[in-house]
Amino acid sequence: MNLRSPAFALLFAVSLIAAAGNMALQSVLPAIGREFRLSDTLVAGAFAISALMWTLASPFWARLSDRLGRKKVILIGLSGFVVSMGGFGLAATSGLEGWLGAALAFALMAVARTIYGVFGSAAPIASQAYVADRTSPERRTEAMSLLASAQGLGTVVGPALAPFFVLPLIGLAGPMYAFALFGAVVLLVTWRRLPSGEVVRKPSPGGRHGDAGKDLWKDPRVRDYLLYGLLVTGAQAVNISVLGFHIIDELAASGIAAPAAQPFIGIAMLAGAAATLMAQWGLIPLLRLQPADLMRWGAGLALVGNVMTILAPGYYGVVVGYAVVSMGVGFARPGFTAGSSLSVGSHEQGAVAGLMMSLAGLSFLGPPVIGVALYELAEPAPFVANALLLAAATGLCFASARLRVGPPDLPDRDETPSPETPPASQPGPEGNR
């Protein structure tokens, strides 16, 4: 596949619109919850439902794309995105305008998020498989990295555009309508223009994939990388989920109402995404750090960012702290993903990649709800908890012989992440696949 072809551009647009729409929704959800006068913890639970369904549905869509075809599954996923975003917008409008009670409107919003959780993974999984079917092994890493970079770009675009769609007639539901419309356009163009192109896929003997990678999560070669990744991504999920509520409360002290705080939330999320991209597209290629170094610096910076948030309350302190956390995770994620990949053989690469990607779903199941519940108890509580998690992750880098030494240093292998390493966008199963 030519990476400059219209077909690849369409697949890039599919990943971009999904990530941007999800992050735009994430940026307005706290303000909607406050307008409904609902518990912050209950609002955070809407995303936990999405993450759970994403995790459960992903294997199904992967298998279905083998049988039904890549393009059809991409179209199914995009249709689910459009229905979910449009349904979420209608439910939000119904509650904000008083057409429905807040509890019923929020229940419908949760249903819309469940729809996205069920169908949302279909498009990115099938898009990745579509590219893999049509690229040579020599070009595949480049192609996959470029496709994945759409996720990182989406995390910048979504929060940046969301405030512009909070319009007088549709209010906070505006970003959902806008991205539902964008998704519908991408769906139509993909249906009309993306070649279906039958590709013959030869099953393994007996239709089985073998035992490569079975129970890999218990393997000492990757176990500590997995534990480190769970600590770091769980902490960042808390930061993201608490961010909007924290900014609304800080601005409320200055007399700024929740709906008017939306541009400030967008700026904070944009700062975090920019810090992540700066780390992965600029600093990592420049400094050429090894996986072990990336993990130490990553957990340490994320720890500092949470401490800054505790010690420097106020809007600007929250933004700077969040940006430092995001930069830290920008270092950490390539560290533990590259380290785990380099620790196993070539026949186990698919298994270890799937295992590391599963952290995206796991990190958005419990941590966001727990973090927001802690925030309702006391403002500094989630950041104190995060500091403890990240201190444990930093300590693990030195206590674990596997993480301290790093993967085997083979003479013919460069362990430094390349400039083409895709950015670790704002996490979550919807935006970090």
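Model, not experiment: these values are computed from the prediction.

Scoring rules and cut-offs
Residues numbered from 1 in each chain as written. Predicted model: local features only at pLDDT ≥ 70, side-chain atom pairs only at ≥ 80, totals over all residues. Heavy atoms only, no water. Helix = DSSP H or I, 4+ residues; strand = E, 2+ residues; numbered from the N terminus. Contact = heavy atoms within 4.5 Å. Areas by Shrake-Rupley, 256 points an atom, 1.4 Å probe, with all protein chains shown as cover. Expected span 1.5 Å × (residues − 1). Bend = angle between axes of the 7 residues up to and from the residue. Axes fitted to C-alpha atoms, helices over the stretch in contact; angles between N-to-C directions. Parallel < 35°, antiparallel > 145°, perpendicular 65-115°, else oblique. Left-handed = near helix turned anticlockwise from the far one by under 90°. Nonpolar A, V, L, I, M, F, W, Y, C, P; charged D, E, K, R; others polar. Patch = residues over 30% accessible without salt bridge, like charges linked within 9 Å, V, L, I, M, F, W, Y side chains within 5 Å. Salt bridge = Lys/Arg side-chain N within 4 Å of Asp/Glu carboxyl O. Buried < 20%, exposed > 50% of the residue type's maximum accessible area, 1.4 Å probe, protein only. Phe/Tyr/Trp six-rings, centres within 6.5 Å; stacked < 30°, edge-to-face > 60°. 1 Å grid on protein atoms, 1.4 Å probe; cavity = no way out; pocket = protein on both sides within 12 Å on 5 of 7 lines; lining within 4 Å. Points joined across faces, edges and corners; volume = space filled by probe spheres on them.

1. Points about the overall build of the protein
Turning to step 1, where the next piece is worked out: Looking only at helices and strands, the protein has 15 helices and zero strands in total.
Turning to step 2, where the next piece is worked out: Taking contacts inside the protein between residues at least 6 apart in sequence as the whole, the part at least 24 apart equals 84%.
Turning to step 3, where the next piece is worked out: Total accessible area computed for the protein in this model is approximately 17,900 Å², and 68% of it derives from carbon and sulfur atoms.

2. What about the environment of Y375?
Turning to step 1, where the next piece is worked out: Relative to the elements of secondary structure, Y375 occurs in helix α13 (residues 367-377).
Turning to step 2, where the next piece is worked out: In contact with Y375, not counting residues within four places along its chain, are R34, D40, V242, F245, H246, D249 and P382.

3. As for helix α9 (residues 262-287)
Because each turn of an α-helix spans 3.6 residues, side chains separated by three or four positions in sequence point in the same direction.
Turning to step 1, where the next piece is worked out: Taking 1.5 Å of rise per residue, 26 residues should cover 38 Å, and α9 covers 36 Å from first to last C-alpha, within 8% of that figure.
Turning to step 2, where the next piece is worked out: Along α9, the sharpest change in direction is near 35° and occurs at A279.
Turning to step 3, where the next piece is worked out: Positive phi shows up at R288, right after α9, with a value of about 55°.

4. A few points about the packing of helix α8 (residues 223-252) against helix α10 (residues 291-311)
Turning to step 1, where the next piece is worked out: Closest axis-to-axis distance for the α8/α10 pair is 12 Å, and the angle between their directions is 30°. In terms of orientation, α8 lies roughly parallel with respect to α10. You can see that α8 and α10 cross each other, and the crossing is left-handed. Counting all contacts with α8, which are made through Y225, Y228, N239 and H246, the residues of α10 involved are M295, G298, A299, N306 and T309.
Turning to step 2, where the next piece is worked out: Looking at the contact of α8 with α10 residue by residue, the class counts come to four nonpolar, five polar and no charged.

5. Some details on a nonpolar patch on the surface
Turning to step 1, where the next piece is worked out: Taken together, the side chains of L181, F182, V185, L188, V189 and W191 define a hydrophobic patch exposed on the protein surface, amounting to about 560 Å² of accessible area.
Turning to step 2, where the next piece is worked out: Topologically, F182 is positioned in helix α7 (residues 174-193).
Turning to step 3, where the next piece is worked out: Owing to a relative accessible area of 31%, F182 belongs among the partly exposed residues under this scheme.

6. Re the packing of aromatic side chains
Turning to step 1, where the next piece is worked out: Evaluated as defined, the whole model comprises nine aromatic pairs.
Turning to step 2, where the next piece is worked out: Ring geometry for F165 and F182: centres 5.9 Å apart, planes at 65°, overall edge-to-face. Of this pair, F165 sits in the loop between α6 (137-161) and α7 while F182 is found in helix α7, placing the two residues 17 residues apart along the sequence.
Turning to step 3, where the next piece is worked out: Between the aromatic rings of F179 and F182, the centroid separation amounts to 5.5 Å while the plane-to-plane angle is 90°, which identifies the pairing as edge-to-face.

7. Things to note about the environment of L303
Turning to step 1, where the next piece is worked out: Within the secondary structure, L303 sits in helix α10.
Turning to step 2, where the next piece is worked out: By relative accessible area, which is 23% here, L303 ends up partly exposed.
Turning to step 3, where the next piece is worked out: A C-alpha to C-alpha distance of 7.1 Å links L303 and V325, two positions 22 residues apart in sequence.
Turning to step 4, where the next piece is worked out: Here L303 is in contact with A387, L390 and A391, once residues within four sequence places are set aside.

8. Things to note about empty space enclosed by the protein
Turning to step 1, where the next piece is worked out: Counted according to the given criterion, the structure contains four cavities of 30 Å³ or more.
Turning to step 2, where the next piece is worked out: Taken as a whole, the largest cavity encloses approximately 80 Å³ of empty space.
Turning to step 3, where the next piece is worked out: Contributing to the lining of the largest cavity are Q26, L29, P30, V43, A44, F47, S241, F245, F364 and P368.
Turning to step 4, where the next piece is worked out: When residues of the lining of the largest cavity are traced back to their parent elements, those giving at least two are α1 (6-36), α2 (40-68) and α8.
Turning to step 5, where the next piece is worked out: Across the lining of the largest cavity, the residue classes break down as eight nonpolar, two polar and no charged.
Turning to step 6, where the next piece is worked out: As a volume, the second largest cavity reaches approximately 40 Å³.
Turning to step 7, where the next piece is worked out: Forming the boundary of the second largest cavity are N239, L243, H246, T309, V318, G321, Y322 and F383.
Turning to step 8, where the next piece is worked out: Per-class residue counts for the lining of the second largest cavity are four nonpolar, four polar and no charged.

Read these as geometric descriptors, not functional statements.
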